[in-house]
Protein chains: 6
Amino acid sequence: MFRHTKRLQFEAKPERPDPVYARKLQELIGGAYGEMSVTMQYLFQGWNCRMEGKYKDLLMDTATEEIGHIEMLATMVARLLEGAPATMTAEAVQDPVMAAIIGGMDPQQAIIAGGGALPANSQGVPWNGGYIVASGNLLADFRANAAAEAHGRLQTARLYNMTDDPGVKATLQFNLARDTVHQKQWLKAIEELEADGLETPIVPNALFDEEDQEHNHTIWGLSDGTDGPKGDWTKGDDPLEYLTDPEPLGGPASAPAPDPALFGTYSPVQDLKGTVKSQAKSAAQKVTKKKTKKKK
Amino acid sequence: MFRHTKRLQFEAKPERPDPVYARKLQELIGGAYGEMSVTMQYLFQGWNCRMEGKYKDLLMDTATEEIGHIEMLATMVARLLEGAPATMTAEAVQDPVMAAIIGGMDPQQAIIAGGGALPANSQGVPWNGGYIVASGNLLADFRANAAAEAHGRLQTARLYNMTDDPGVKATLQFNLARDTVHQKQWLKAIEELEADGLETPIVPNALFDEEDQEHNHTIWGLSDGTDGPKGDWTKGDDPLEYLTDPEPLGGPASAPAPDPALFGTYSPVQDLKGTVKSQAKSAAQKVTKKKTKKKK
Amino acid sequence: MFRHTKRLQFEAKPERPDPVYARKLQELIGGAYGEMSVTMQYLFQGWNCRMEGKYKDLLMDTATEEIGHIEMLATMVARLLEGAPATMTAEAVQDPVMAAIIGGMDPQQAIIAGGGALPANSQGVPWNGGYIVASGNLLADFRANAAAEAHGRLQTARLYNMTDDPGVKATLQFNLARDTVHQKQWLKAIEELEADGLETPIVPNALFDEEDQEHNHTIWGLSDGTDGPKGDWTKGDDPLEYLTDPEPLGGPASAPAPDPALFGTYSPVQDLKGTVKSQAKSAAQKVTKKKTKKKK
Amino acid sequence: MFRHTKRLQFEAKPERPDPVYARKLQELIGGAYGEMSVTMQYLFQGWNCRMEGKYKDLLMDTATEEIGHIEMLATMVARLLEGAPATMTAEAVQDPVMAAIIGGMDPQQAIIAGGGALPANSQGVPWNGGYIVASGNLLADFRANAAAEAHGRLQTARLYNMTDDPGVKATLQFNLARDTVHQKQWLKAIEELEADGLETPIVPNALFDEEDQEHNHTIWGLSDGTDGPKGDWTKGDDPLEYLTDPEPLGGPASAPAPDPALFGTYSPVQDLKGTVKSQAKSAAQKVTKKKTKKKK
Amino acid sequence: MFRHTKRLQFEAKPERPDPVYARKLQELIGGAYGEMSVTMQYLFQGWNCRMEGKYKDLLMDTATEEIGHIEMLATMVARLLEGAPATMTAEAVQDPVMAAIIGGMDPQQAIIAGGGALPANSQGVPWNGGYIVASGNLLADFRANAAAEAHGRLQTARLYNMTDDPGVKATLQFNLARDTVHQKQWLKAIEELEADGLETPIVPNALFDEEDQEHNHTIWGLSDGTDGPKGDWTKGDDPLEYLTDPEPLGGPASAPAPDPALFGTYSPVQDLKGTVKSQAKSAAQKVTKKKTKKKK
Amino acid sequence: MFRHTKRLQFEAKPERPDPVYARKLQELIGGAYGEMSVTMQYLFQGWNCRMEGKYKDLLMDTATEEIGHIEMLATMVARLLEGAPATMTAEAVQDPVMAAIIGGMDPQQAIIAGGGALPANSQGVPWNGGYIVASGNLLADFRANAAAEAHGRLQTARLYNMTDDPGVKATLQFNLARDTVHQKQWLKAIEELEADGLETPIVPNALFDEEDQEHNHTIWGLSDGTDGPKGDWTKGDDPLEYLTDPEPLGGPASAPAPDPALFGTYSPVQDLKGTVKSQAKSAAQKVTKKKTKKKK
């Protein structure tokens, strides 16, 4: 069960409206690597965690913080839109700067939300559950979390360079810091899973004997770049082998004859040139055609 | 530019049809962590890679291999559907095993694809570009790749336990091996990015002075679990600090007064009980009501 | 900012696994009227509420409760899947009841979530932000809330009739009760908005003079059913007028001539039969054709 | 079965092109509360209505009108785009007002539709069937309808304030009027369902004895705002009780041990600090690691 | 403007319930090539048609018929679900045939629609506007229409083979006939567009001089199949030339150096082996690392 | 299996950055008729083709080329974004032309892709698998292909008119040429399918005797336009018959009584005015109401 306090985790008010920036901030709210994603990813991972203890607690602590980050950014969006020229008409567009601002705004923030944030990204695509994962395998999930926080901090850093407003910058400085912590914690938790003997570097920690022993250590060189083998991945302890111009192992990618009741195009007979035998078939066709016409 | 050979990278034919399994295999084709995802993720990362050399070549080599994995699995689906009871009618459903098989099939594999694979997951949701990322920051991207291969191998391993067919199992053994290699290679490439001095563990390698120095090393304990601080993340070199029951830093999450032209509900006046002053307002309301009625 | 306690708001454990039902429960988690929807709808409405006080507090209280409802149902799903035949193979499908259960399961709960819940509905479609609304106009929003809780209780009641498990039924009895409360509270809050003079029955409380006075009280009878006018909506105070077989008011729905640079099909000239003049055009066509051929 | 007349239900032509506004109008065509939504919602509700008579006729009359509203707005969009600078090149962008207009246009209206409307919202997201509901329960559905018309009129009113063009304004005045009628009719139809004894205020009219009697009249105060209990919802006949800082009723939100065949992270043993026992496990790990290496 | 009659365009009632088939029928309602698609595609094409006359009238006639086809199939679904075991519980699942039927049903038809049809396909994916096109170029659009009717009749024919119910078959016989007519009419309309001199076979009828004259008549043989050149497309009047193993024309697919403010991974310097110079960089890295640590 | 060469199929570099155009180009990458669509459509059709030989080879040759077209356009986007004002702040927006450019840019190309292309269309909607079809019936599929290439060339032609940059124009000239070839080849392949006797003009080549013989040659005139019958489709060999103002053939579109366990609104009794009998019902209602109240 959850509880809420009205106070924001962190707060710094923007000095002035910036509706074009309010649109961009949507990416951090409802984008694939926005706060809705980390909130839902950590919540579902926490609920799906099968061991009580430190990992589950870390997940629920962080998930709960992230709900508050959506709150911070949604509040920021509303404040950036205060006084925005939402209802400026075509006449006003004669002022070019104003026209440009209107062109760069998210029209739905005005039309749908009345000057507020939306559960969508900077291009208006609604957030969806396909962005997140909670597999029950903590190593797979923590790797996804470390990646999510990396992209989260990266996008925050890019947005940091798109504003001069001290209040917005202060908020993003807080978010950058949180993304630093969260990257560290998931990287450390990955190490801990291994130290605790719960997982080993390859996910899942199973089926190593069953997997194909010929092809579990080779990189297939299928592009003509020649630098791939120069990486240290081909060296040291447990090196990967780089195959240059490898040959396929299987036969042609043929699909079986179709179920006649599903009307796939098919002929079992081919002539010498590799094309279907048209004579016999076209005879049959003429009959069909006649029949079709007859029916009208 | 790409070239194609008709031969499959690897091939093992199923011994018998299994349409229920053909549906499940869709997850590895068009799911969030299926072959379409890794294909497109590596292609866009490769094209978006700003340095010629080993990283770009590794990306393009692997991307090119993954296209062939979609091919392998799409071919496998068509073969698993050969002889499937796609057009069995309600009468046939009197045989319970057949009825169950029909119930568990993907109806679109018959109706849309005529007994073939679809660009969708095991629940029929079409693959979409929101699953992938290509940021230009290789560390952020390789972390996402290592996570994707972890989930890919995890899902393959789960599916491996859902079949007894030797041909299917052999194919999945190949895929498990490839997912092992690809996990290793992205983990090694992450190390190499750091060894080359291109990136440091926290993404992006920037804004460390700008980020909030008070909050870049603390984990906020916002759930009542007590085990979170017991993890080694609070110990050793560069430990994270666990805050127990921390207080919010900001004020209330208030949104500004709305733009009157957008008709948000608003009253600047509140009575002692924290509710809006209804007397003055309801007088205004009566007038409005009269006016509304008058119009009809 | 939010806080979390590990204890569930309400809990009753299922007596036995029921993986087919676990799939159906997904509708209450990630469906259009599931718990993710009410959580996000109330959160965004609360953050977008422009008046401090009772309305905002009611929104945030209820939103916070709903996060815990996702938690309850996600936990229930994991428990219903305990011991589910997730990895049963095609051989096992020879047992018809088991085969049927496998056919009716959500394959993603096993393949993706490892035996847990997903942020998706009962057909596997991921939850998305397009389901919710937070307009800043509280009357419009509370009406949507009352509708959401009505559909929520309706779907819960339908699911209540699809199980005999006492633990599941007890949980749904709790949810039915909460949906009753929440319906009542939004209906009462709608009355209160009017009592407070903040809104009147028609949303928004504006533009009554500007709207078309001829057409703001008529129902257009455009289907041939004759019972529409028999409803009390045509009677009493402020009756609506039912137009029988009304005529359209405008001219033909014509689109203007297209921009030639966009290559829409167009001819300004028509012959007597209402078709384009083919002679002149086909002359031009012959020239074009010659030119096209020439180029190869 | 349907019939069509070429004449628009209502028509007023725009005085001049306004491509930026043409983009915004898409919200009323293909947005969540646009004309496509009410068309499809009322059609499916009408077809799914189980009683012949006034309710079904009202649904079909209104549904049929709404198809014509899509027609009106699609025609309006084409007219607003007449003469729009769709193919203006980067050079032309040196004129700032023109540049701003191009930036604010919907590029797909030119590239895909050749200067016409799209079945999408103002941010280009295609309309989808997840926006609508038709449950067979008329009270639940009519509440959704009253909400939809409220949001429809609200968005129309907001768009009304974003234009000065008399033709556009006249069309929106017609639409405002129709949304007024439709709000009234659904509100009246809700009353009629109750007057006819078909439904009572809580949906569905069932399971009142089965629902949890302890929790069907309490509002849980889970946010720290203190104004929630001040609303009249806690007063009068059938008051709701406001619980201040209520305690959760259930135990911890624990998930069961995972199916080993699905490879969730799990250890049944924990040491005193609440962490997993690492010694025994890490021994096992070393073995696994050796085995993995051996295979290459 | 539209009008509706309560009578179905065609009607044949199913003899008995068949809920598994009711799910499959959803493909013809809300699938990519279902009735919602042709309805919306023809409506938007009609409204976007820039010439009054026969083409526009044909579009509007057909569009209007298709709305009635959704009606026919939605009604059929409700009738097929009459008496369906929607609320059968886990106990009942002991009967294997019933269990199988429940497994094969669309759970949303019961939970959301109360035993009716949904605006979604046979896998529950909601219909969306991305399925349709209305470009203003009638040849491009009519080709899409001829394709849509081909897939529509194909899917109908497949579904025809999945039922023995005379009422369902009679309805599909009607639909098959309509799909035959509609295929014919769009094929004939394509011929007419050319006969009228409005379009020529290649869409759009423009830019033939501007397009690349070297590459507008060659097929690039990029797969190793040898039968491609055997088709008649390489023969006769206006033959296409088949290039065997053609070479790429451009240079490497390099992306430019990234904007430093966006933090893409980049180094301008590479050592002899094609890898980045690590010495200089790693020195810089050490400094950064120290700085990062210092901050905590 | 696939192979990749680093060289682009064709290359012409843009002379200068044009970020607004880079957004528009997304339509050709990830739009419904962009390169991702034709790539995936041809790949799945090729893999799903049931006959070895010329058709399958043509599909795989073309599919393989199209992957390279995504590569060309993704590279072009990165180059058009070189030097784009991605991180320009609100201050800079005082320059109106720059402000307009920022407003017209795709914010995700900077925030997510770091100055690169996305797997999405010009409005930011991610590409999805619902755009494509691969039915196994080659005539149905080739018709979809001919339509796709028509829309592809149409959209390319429109974009050709939106730029003056010689490098961009040269690339589009190449693409226009390829779209010309591909239109021709699918049109020729359609003829060949018929010449080979594999298919006849109506898809599928089956069920001509079963389809409704009364309704397989009539166009229903359901709109009041009078020009529909003037088309040549009503003339010549195998003419279609135009029905003027045809009557529906079926009875009312009634749905059966609902399953009581699903709580649809229903009353079997109606009074003389076609409305439900309210007296008896409202008595029952009073009882219910009392009961509901009693419970609190």
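Residues numbered from 1 in each chain as written. Chains lettered and ligands numbered in written order. Predicted model: local features only at pLDDT ≥ 70, side-chain atom pairs only at ≥ 80, totals over all residues. Heavy atoms only, no water.

## Description of the overall build of chain A
Okay, so step 1: Each helix and strand in chain A was counted, giving 8 helices and 3 strands.
Okay, so step 2: In chain A, the order of α-helices and β-strands from amino to carboxyl end is β-α-α-α-α-α-α-α-β-β-α.
Okay, so step 3: Taken against the 2.2 N^0.38 rule, which gives 19 Å for 296 residues, the C-alpha radius of gyration of chain A at 29 Å runs more than 25% over that of a compact globule.
Okay, so step 4: Dimensions of chain A, computed from C-alpha atoms along their principal axes, come out at roughly 80 × 65 × 45 Å.
Okay, so step 5: Buried residues in chain A amount to 74% of all 296 residues.
Okay, so step 6: Contacts in chain A between residues at least 24 apart in sequence constitute 72% of all its contacts with a sequence separation of at least 6.
Okay, so step 7: The centroid of the 31 positive side-chain charges in chain A is displaced by 16 Å from the centroid of its 40 negative side-chain charges. (Helix = DSSP H or I, 4+ residues; strand = E, 2+ residues; numbered from the N terminus. Rg over C-alpha atoms; globule rule 2.2 N^0.38 Å. Buried < 20%, exposed > 50% of the residue type's maximum accessible area, 1.4 Å probe, protein only. Contact = heavy atoms within 4.5 Å. Lys, Arg positive; Asp, Glu negative; His and termini not counted. Charge placed at Lys NZ, Arg CZ, Asp CG, Glu CD.)

## Remarks on helix α7 (residues 166-195) of chain B
Residues and elements named next belong to chain B.
Okay, so step 1: Here α7 contains 30 residues, and its C-alpha end-to-end distance of 43 Å stays within 8% of the 44 Å for a straight helix at 1.5 Å per residue.
Okay, so step 2: Backbone nitrogen of Gly-167 and a side-chain oxygen of the N-cap are separated by 2.9 Å at the start of α7; the cap is Asp-165.
Okay, so step 3: Positive backbone phi, approximately 75°, marks Gly-197, located one or two places after α7. (Expected span 1.5 Å × (residues − 1). Polar contact = N/O pair within 3.5 Å; in protein donor to acceptor, adjacent residues only side chain to side chain.)

## Points about the interface of chain B and chain A
Okay, so step 1: Between chain B and chain A, the contact holds 104 residues from the first and 104 residues from the second.
Okay, so step 2: Of the roughly 9,000 Å² buried between chain B and chain A on both sides combined, carbon and sulfur atoms contribute 60%.
Okay, so step 3: Between chain B and chain A we count 4 salt bridges in total.
Okay, so step 4: Glu211(B) is the partner of Arg153(A) in a salt bridge, and the nearest nitrogen-oxygen pair spans 2.8 Å. (Buried area = accessible area lost by both parts, 1.4 Å probe. Salt bridge = Lys/Arg side-chain N within 4 Å of Asp/Glu carboxyl O.)

## A short note on the environment of Pro248(F)
Okay, so step 1: Relative to the elements of secondary structure, Pro248(F) occurs in the loop between β3 (241-244) and α8 (278-295).
Okay, so step 2: By relative accessible area, which is 4% here, Pro248(F) ends up buried.
Okay, so step 3: Ignoring sequence-local partners within four residues, the contact set of Pro248(F) consists of Met1(D), Arg3(D), Thr5(E), Arg7(E), Leu8(E) and Gln9(E).

## So, the UniProt feature "binding site: Ca(2+)" (unreviewed entry) in chain A
Okay, so step 1: Following the UniProt record, the feature "binding site: Ca(2+)" (unreviewed entry) maps to Asp57(A), Asp61(A), Ser223(A) and Gly225(A) here. Their sequence span is 169 residues, while the largest C-alpha to C-alpha distance among them is 46.2 Å; these annotated residues do not converge on one region.
Okay, so step 2: Ser223(A) gets classed as buried once you look at its relative accessible area, which sits at 8%.
Okay, so step 3: Leaving out residues up to four positions away in the same chain, Ser223(A) has contacts with Met60(B), Asp61(B), His4(F) and Lys6(F). (UniProt positions renumbered as here; feature names shortened; annotations may be inferred.)

## As for the pairing of strand β2 (residues 218-221) of chain B
Residue and element names in this part refer to chain B.
Okay, so step 1: Side-chain alternation along β2 places Thr-218 and Trp-220 on one buried face and Ile-219 and Gly-221 on a second face that is also buried.
Okay, so step 2: Two strands pair when backbone bridges link them, and β2 and strand β3 (residues 241-244) are joined in this way by 4 bridges, in the parallel orientation. Within β3, the residue paired with Gly-221 across the bridge is Thr-244. (Pairing = 2+ DSSP bridges.)

## Observations concerning the relation of the copies chain B and chain F
Okay, so step 1: The transformation that overlays chain B on chain F combines an axial shift of 0.0 Å with a rotation of 180°, and the residual RMSD is 0.0 Å. Here the copies are linked by what is in effect a two-fold axis. Measuring from the rotation axis to each C-alpha of chain B, the shortest distance belongs to Asn128(B), at 2.0 Å.
Okay, so step 2: Interface overlap between copies is the fraction of interface residues in one copy that are interface residues in the other; for chain B against chain F it reaches 100%, indicating a shared surface. (Least-squares fit on C-alpha atoms with pLDDT ≥ 70 in both.)

## Let's talk about the interface of chain B and chain F
The figure often quoted for interface size is the accessible area lost as the parts come together.
Okay, so step 1: Taken residue by residue, the interface counts 44 residues in chain B and 45 residues in chain F.
Okay, so step 2: Summing the contributions of chain B and of chain F, the shared interface buries around 3,600 Å²; its carbon and sulfur component is 65%.
Okay, so step 3: Area buried by chain B at its contact with chain F is led by Met1(B), Phe44(B) and Trp47(B), which between them contribute 20% of it.
Okay, so step 4: Summed over the shared surface of chain B and chain F, the number is 4 salt bridges.
Okay, so step 5: A salt bridge links Lys6(B) to Glu52(F); the nearest nitrogen and oxygen atoms lie 4.0 Å apart.
Okay, so step 6: Applying the counting criterion to the chain B and chain F interface returns 17 residue pairs in polar contact (both at pLDDT 80 or more).
Okay, so step 7: Elements with a contribution of two residues or more to the side of chain B that touches chain F: β1 (2-4), α2 (35-47) and α3 (54-80) of chain B.
Okay, so step 8: The element best represented in the side of chain B that touches chain F is α3(B), accounting for 9 residues.
Okay, so step 9: Here the residues of the side of chain B that touches chain F sort into 23 nonpolar, 14 polar and 7 charged. (Nonpolar A, V, L, I, M, F, W, Y, C, P; charged D, E, K, R; others polar.)

## With respect to the relation of the copies chain B and chain A
Okay, so step 1: For the pair chain B and chain A, the best superposition has an RMSD of 0.0 Å and corresponds to a rotation of 180° with a translation of 0.0 Å parallel to the axis.
Okay, so step 2: Take the interface residues of chain B: 100% of them recur as interface residues in chain A, which is what a same-surface contact looks like.

## A look at empty space enclosed by the protein
Okay, so step 1: In this structure, the largest cavity occupies an estimated 630 Å³ of space.
Okay, so step 2: Forming the walls of the largest cavity are 24 residues, and the residues nearest its centre are Asn128(A), Asn128(B), Asn128(C), Asn128(D) and Asn128(F).
Okay, so step 3: Residue composition of the lining of the largest cavity, by class: 17 nonpolar, 7 polar and no charged. (1 Å grid on protein atoms, 1.4 Å probe; cavity = no way out; pocket = protein on both sides within 12 Å on 5 of 7 lines; lining within 4 Å. Points joined across faces, edges and corners; volume = space filled by probe spheres on them.)

## With respect to the packing of helix α4 (residues 96-104) of chain D against helix α4 (residues 96-104) of chain F
Okay, so step 1: Two elements in contact, α4(D) and α4(F), have axes separated by 8 Å at closest approach and are oriented at 10°. Of the possible angle classes, the one that applies to α4(D) and α4(F) is roughly parallel. Residues Pro96(D), Ala99(D), Ala100(D) and Gly103(D) of α4(D) lie in contact with α4(F), whose contacting residues are Pro96(F), Val97(F), Ala100(F), Gly103(F) and Gly104(F).
Okay, so step 2: The residue inventory of the contact of α4(D) with α4(F), partitioned by class, reads 6 nonpolar, 3 polar and no charged. (Axes fitted to C-alpha atoms, helices over the stretch in contact; angles between N-to-C directions. Parallel < 35°, antiparallel > 145°, perpendicular 65-115°, else oblique.)

## Re helix α3 (residues 54-80) of chain D
Structurally, the α-helix is built with 3.6 residues per turn, so residues lying three or four positions apart point the same way.
Okay, so step 1: For α3(D), spanning 27 residues, the distance from its first C-alpha to its last is 39 Å, which sits close to the expected 39 Å at 1.5 Å a residue.
Okay, so step 2: Burial analysis of α3(D) places 27 of its 27 residues in the buried class, which makes it a mostly covered element.

## Some points on the pattern of salt bridges
Okay, so step 1: Within the structure shown, the criterion is met by 84 salt bridges over all chains.
Okay, so step 2: Of the charged contacts in the structure, one is a salt bridge between Asp245(A) and Arg3(F), with a shortest N-O distance of 3.0 Å. With Asp245(A) in the loop between β3 (241-244) and α8 (278-295) and Arg3(F) in strand β1 (residues 2-4), this pair bridges two chains.
Okay, so step 3: Looking at Asp245(A), the relative accessible area reads 49%, which means it is partly exposed.
Okay, so step 4: For Arg3(F), a relative accessible area of 23% translates into the label partly exposed.

## Description of the packing of aromatic side chains
Okay, so step 1: If you walk through the whole model with that rule in mind, you get 45 aromatic pairs over all chains.
Okay, so step 2: An angle of 45° between the planes, with centres 6.1 Å apart, marks the rings of Tyr55(A) and Phe142(A) as tilted. Remark: Phe142(A) occurs in helix α6 (residues 138-160) and Tyr55(A) occurs in helix α3 (residues 54-80); sequence separation between them is 87 residues. In this pair, the class of Tyr55(A) matches that of Phe142(A), namely buried.
Okay, so step 3: Seen in terms of ring centroids, Tyr42(D) and Trp186(D) are 5.1 Å apart; in terms of plane orientation they differ by 55°. Their pairing is tilted. Of the two residues, Tyr42(D) is situated in helix α2 (residues 35-47) and Trp186(D) in helix α7 (residues 166-195); the sequence distance between them amounts to 144 residues.
Okay, so step 4: Classification of Tyr42(D) as buried rests on a relative accessible area of 0%.
Okay, so step 5: A relative accessible area of 0% means that Trp186(D) is categorised as buried.
Okay, so step 6: Ring pairs connect the aromatic residues Tyr42(A), Tyr55(A), Phe142(A), Trp186(A) and Trp233(B), which therefore count as one cluster. (Phe/Tyr/Trp six-rings, centres within 6.5 Å; stacked < 30°, edge-to-face > 60°.)

## Overview of the domain arrangement of chain A
Okay, so step 1: Domains assigned within chain A are domain 1 (19-90 + 100-196) and domain 2 (212-276).
Okay, so step 2: Here domain 1 of chain A and domain 2 of chain A have C-alpha centroids that lie 39 Å from each other. (Domains from an automatic or database assignment.)

## Quick look at the side chain of Glu65(B)
Okay, so step 1: For Glu65(B), the location among the structural elements is in helix α3.
Okay, so step 2: You can call Glu65(B) buried: its relative accessible area is 2%.
Okay, so step 3: Within the structure, the side chain of Glu65(B) is placed 2.7 Å from the side chain of Arg178(B), a separation counted as a polar contact.
Okay, so step 4: Excluding residues within four positions of it along the chain, Glu65(B) makes contact with Trp220(A), Leu222(A), Gln9(B), Arg178(B) and His182(B).

## So, the environment of Asp164(D)
Okay, so step 1: Structurally, Asp164(D) is set in the loop between α6 (138-160) and α7.
Okay, so step 2: For the pair Asp164(D) and Tyr21(D), spaced 143 residues apart in sequence, the C-alpha to C-alpha distance is 11 Å.
Okay, so step 3: Leaving out residues up to four positions away in the same chain, Asp164(D) has contacts with Thr89(A), Glu91(A), Arg16(D) and Lys169(D).
Okay, so step 4: At 2.6 Å, the side chain of Asp164(D) and the side chain of Thr89(A) are in polar contact.

## Notes on the UniProt feature "binding site: Mn(2+) 1" (unreviewed entry) in chain A
Residues and elements named next belong to chain A.
Okay, so step 1: Taking the numbering used here, the UniProt-annotated feature "binding site: Mn(2+) 1" (unreviewed entry) corresponds to Glu-35, His-69, Glu-149 and His-182. The greatest C-alpha distance among the annotated residues, which extend across 148 residues, is 13.2 Å, indicating that they converge on a single site.
Okay, so step 2: Its location among the elements puts Glu-35 in helix α2 (residues 35-47).
Okay, so step 3: A relative accessible area of 9% means that Glu-35 is categorised as buried.
Okay, so step 4: Those residues in contact with Glu-35 that lie beyond four places of it in its chain are Leu-28, Ile-29, Glu-66, His-69, Ile-70, Leu-73 and Asn-175.
Okay, so step 5: With respect to the element layout, Glu-149 can be found in helix α6.

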